[in-house]
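# Residue-level structure breakdown
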Amino acid sequence: MEALLYLLYFFALVAIVVVLVKMFGRKDEGVPTAEKADGEPCDTCAADPGTCLKERVIQNAVGEIEYFDDEELDRFRGRRADSYTADEASMFAEVMYTMKPEEVKDWLVSLGRRCVNLPDQLKDEAMMLMEG
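Conventions adopted
For every chain, the first residue of the written sequence is number 1, and numbering continues from 1 along that sequence. The predicted origin of the model limits local features to residues at a pLDDT of at least 70 and limits the giving and counting of side-chain atom pairs to 80 or more, whereas totals for whole chains, interfaces and linings rest on all residues. To get the side-chain values, all heavy atoms of the structure are used, and hydrogens and water are removed first. Put simply, DSSP H or I for four residues or longer makes a helix, DSSP E for two residues or longer makes a strand, and each gets a number counted from the N terminus. Classification of residues uses two cut-offs on accessible area relative to the type maximum, computed with a 1.4 Å probe and protein chains only: under 20% is buried, over 50% is exposed, and between them is partly exposed. Contact criterion: two residues are considered in contact whenever any of their non-hydrogen atoms come within 4.5 Å of each other. Areas reported as accessible are Shrake-Rupley estimates using a 1.4 Å probe. Residue values count occlusion only from the protein chains shown. Whenever a nitrogen or oxygen atom comes within 3.5 Å of another N or O atom, the pair is scored as a polar contact, on the condition that within protein one atom can donate a hydrogen and the other can accept it, and that pairs from neighbouring residues in sequence are kept only if both atoms are in side chains. The patches described consist of residues with a relative accessible area above 30% and no salt bridge, like charges being joined within 9 Å and nonpolar side chains (Val, Leu, Ile, Met, Phe, Trp, Tyr) within 5 Å. A pair is scored as a salt bridge if a Lys or Arg side-chain nitrogen falls within 4 Å of a carboxyl oxygen belonging to Asp or Glu. Positive charges are assigned to Lys and Arg, negative charges to Asp and Glu, while His and the chain termini are left out of the count. Throughout, a charge is located at the NZ atom of Lys, the CZ atom of Arg, the CG atom of Asp or the CD atom of Glu. Axes, fitted as lines to C-alpha atoms, cover a helix only where it is in contact. Angles between the N-to-C directions of the axes lie from 0 to 180 degrees. Orientation is classified from the angle alone, with under 35 degrees giving roughly parallel, over 145 giving roughly antiparallel, 65 to 115 giving roughly perpendicular, and any other angle giving oblique. A clockwise turn of the near helix away from the far one marks a right-handed crossing, whereas an anticlockwise turn of less than a right angle marks a left-handed crossing. Charged means Asp, Glu, Lys or Arg here, nonpolar means Ala, Val, Leu, Ile, Met, Phe, Trp, Tyr, Cys or Pro, and polar covers whatever is left, Gly included. As a per-residue measure, pLDDT tells how confident the predictor is, with possible values from 0 to 100.

### Here's the deal with the overall build of the protein chain
Within the protein chain one finds five helices and two strands. Along the protein chain, helices (α) and strands (β) appear in the sequence α-β-β-α-α-α-α when read from the amino end. Per-residue burial over the protein chain gives 21% buried out of 132 residues. Nonlocal contacts in the protein chain, meaning residues at least 24 apart in sequence, comprise 58% of its contacts between residues at least 6 apart. For the protein chain, the exposed surface amounts to about 9,900 Å²; the carbon and sulfur share of it is 59%.

Shown next as structure tokens:
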């Protein structure tokens, strides 16, 4: 009988802990969330409202590769972004600066599909160009 009483105390304590964790657990209040196309909330959204990061990653990973007169950059396939020399980075810069700001995103998607990493030296500039 005494063991049964201890078991009841144990379950009551576990129930109290569960309630406290749910009440005071981490809340993501104030963090904007987007919705997927079907209206379901998306917890991995980017700053682009109405789009889901998961869906965009999948869309960007598959599809036809579009070239921007940059076929010579394919020789850097698989190269780490932090391993480019200044001369090699200038090859990427030459292509990037010849395009319109709205084309930069598509170019980066193209590089990603081709497994070509943008040199670290140009990442900030590419972001600035995309933001306009």
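### What to know about the side chain of D70
As for its placement among the helices and strands, D70 is situated in the loop between α2 (53-61) and α3 (86-96). Within polar-contact distance, the side chain of D70 engages the side chain of R114 at 3.1 Å. Every residue in contact with D70, bar those within four places of it in the chain, is listed here: V95, W107, L111 and R114.

### Observations regarding a negative patch on the surface
Taken together, the side chains of D69, E71, E72 and E94 make up a negatively charged region of the molecular surface. On the secondary structure map, E94 appears in helix α3.

### Some points on the packing of helix α4 (residues 101-113) against helix α5 (residues 120-131)
Pairs of packed helices are described in terms of their axes, by the angle between the two and the distance that separates them. Contact pair α4 / α5: the axes reach a minimum separation of 7 Å and the direction vectors enclose 130°. Relative to α5, α4 is oriented oblique. For the pair α4 and α5, the sense of crossing is left-handed. Touching P101, V104, K105 and L108 of α4 are A126, L129 and M130, all from α5. Across the contact of α4 with α5, the residue classes break down as six nonpolar, no polar and one charged.

### Some details on the packing of α3 against α5
For the pair α3 and α5, interaxial distance at closest approach is 10 Å and the crossing angle is 15°. With respect to each other, α3 and α5 are oriented roughly parallel. The interaxial crossing formed by α3 with α5 has right-handed handedness. Along its contact with α3, which presents A86, A89, F92, A93 and M96, the element α5 presents Q121, L122, E125, A126 and L129. Among the residues making up the contact of α3 with α5, the classes are represented as eight nonpolar, one polar and one charged.

### Description of the confidence of the model for the protein chain
Caution is warranted with low-pLDDT regions, since their predicted coordinates should not be read in detail. When pLDDT is averaged along the protein chain, the result is 77, and 57% of the positions lie at 70 or above. Highest mean pLDDT in the protein chain belongs to α3 (97); lowest belongs to strand β1 (residues 34-35) (44). Below a pLDDT of 50 lies the segment residues 28-38, which in the model reaches 17 contacts outside its immediate sequence neighbourhood of four places, other chains included.

### Digging into unusual backbone geometry
A positive phi angle, close to 55°, is found at D69, a residue other than glycine. The residue D69 is located in the loop between α2 and α3 in this model. On the basis of relative accessibility, which here comes to 68%, the residue D69 falls in the exposed class. Of note, C115 is a non-glycine position whose phi angle comes to about 65°, a positive value.

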